[in-house]
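Structure assessment
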Amino acid sequence: MRKKVISVLILFLYLAGVVIFALPDLNSLRHTAAVREVTETFGEKARGSEGEPASDLAELRQQMETYNKEIYEERQAGLTDPWAYESEGVDLTEYGLEENVAAVITIPAMDVELPVYLGATQENMAKGAVQLGQTSMPVGGENTNCVIAAHRGYRGIPMFRDIELLKPGDEITVENLWETLTYRVTEIRILYPSDIGEVLIQDGKDMITLLTCHPYTQHSRRYAVFCEREGQIPDSAKDASVSWQVREAAAAEDGEEFETERLLRKGGYLLLIVTGAAIAGNFCLRRRKQHGKPGRKRNRKPTS
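All of the points below concern the structure found in this document. Keep in mind that what you see is a predicted model, and the values were worked out from it rather than measured.

Quick notes on the nonpolar core
Counting 38 residues, the largest nonpolar core has L60, M64, L92, L132 and L177 as the members making the most contacts within it. Breaking this core down by element, the ones donating at least two residues are α1 (2-47), α2 (58-73), β1 (101-107), β2 (112-118), β4 (144-149), β7 (206-214) and β8 (221-229). Broken down by element, this core gets its largest block of residues, five residues, from α2. Beyond its immediate sequence surroundings of up to four residues, L132 is in contact with Y85, A120, V147, A149 and L211. Membership of the second largest hydrophobic core comes to 29 residues, among which are V35, I107, L114 and L166.

Here it is in structure tokens:
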């Protein structure tokens, strides 16, 4: 009886270990399914029943464009502290957008598609990418810069973890409720959290800026990818060679962290497989012993 209790306890601890170790991958699968559902719902709202944007959203677009114009004219004076990033600017629930999703960003080089929520609250950042409050709404236009931030990996969910894969010239699309905007990476920089001035609207430009933590697993700096609207990038665009050097230096800084994490996860899964096989083998061996056929008894000669 005691051996049976010990065996059950070992099996329970093993299964608990498998669940805990695999939790990041399970989170990633769950998030992928949730993102697919949110983006499909968003696409249906954007296209409307007849493939055209819903007519009741015209007022929302006007409100977003007005917001963009106001923060530009005020030189984004509302960016007085990091808490300003959490402000929504526009209440999407008034237009039936209960999920608070303003756009969907697609980054082919990173194999990433994420909903973009308004306001960098902790709740929104746990679900996907966010538009930082007091930066432009994701509708494009002259004198705009929509700063889109996401975690550098969150509980196993990649999000912007692989941002260093982006290089000058790479394409990024932002699908809002009315159209799909295409941008190209023009510059990459490493910033400090206090460098608010580096992500402000630039006169005459239509931009998005991707922002996440750097180095990987740390929060001391920010990795910023600046992108300009396709067809509007001047010949005098930022020197791509400088951005390439920044990217390569950042990748080298994070390379060891990525490799260590990859090896630990591979080693962990291998250990779980070997341990599971050993437990299963031991269980089968014990079952054989318990249900095995008894050996034949030798015939003994009667003694006189």
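Resuming the write-up.
Concerning the sheet that holds β1
Pairing in this closed barrel of eight strands is mixed, and the strands run β1-β2-β3-β4-β7-β8-β6-β5 around the ring. Going from strand to strand, the sheet's axes swing by 30 degrees on average, the running direction of each strand aside. Bridge count between strand β5 (residues 171-175) and strand β6 (residues 180-191): five bridges; the pairing is antiparallel. Within the sheet, the bridge partner assigned to I172 lies in β6 and is Y183.

So, the packing of aromatic side chains
Scanning the entire structure with this criterion turns up zero aromatic pairs. Above the face of the Y223 ring, R152 is positioned so that its terminal group lies 6.0 Å from the ring centre. Of note, R189 hangs over the ring of F226, and the distance from its end group to the ring centre comes to 4.3 Å.

Things to note about the pairing of β2
Buried residues dominate β2, accounting for six of its seven residues. As paired elements, β1 and β2 share six bridges and run antiparallel to each other. From the neighbouring strand, V101 faces β2, where its bridge partner is Y117. Two elements, β2 and strand β3 (residues 129-131), share three bridges in a ladder whose sense is parallel. Counted as the bridge partner of V116 is A129 from β3. Between the parallel elements β2 and β3, the chain passes through helix α3 (residues 122-127) in a crossover that is right-handed.

Here's the deal with the pattern of salt bridges
Per the stated rule, a full pass over the model turns up 13 salt bridges. Close ionic contact of R61 with E179 constitutes a salt bridge, the shortest N to O distance being 2.9 Å. Placement of R61 in helix α2 and of E179 in the loop between β5 and β6 is noted, with a sequence separation of 118 residues between them. The structure contains a network of salt bridges with shared partners spanning R61, E65 and E179.

Conventions and cut-offs
Residues numbered from 1 in each chain as written. Predicted model: local features only at pLDDT ≥ 70, side-chain atom pairs only at ≥ 80, totals over all residues. Heavy atoms only, no water. Core = buried A, V, L, I, M, F, W, Y, C linked by side-chain atoms within 4.5 Å. Buried < 20%, exposed > 50% of the residue type's maximum accessible area, 1.4 Å probe, protein only. Helix = DSSP H or I, 4+ residues; strand = E, 2+ residues; numbered from the N terminus. Contact = heavy atoms within 4.5 Å. Pairing = 2+ DSSP bridges. Axes fitted to C-alpha atoms, helices over the stretch in contact; angles between N-to-C directions. Phe/Tyr/Trp six-rings, centres within 6.5 Å; stacked < 30°, edge-to-face > 60°. Lys NZ or Arg CZ within 6 Å of the ring centre and 35° of its normal. Right-handed = clockwise from strand over helix to strand, strands pointing away. Salt bridge = Lys/Arg side-chain N within 4 Å of Asp/Glu carboxyl O.

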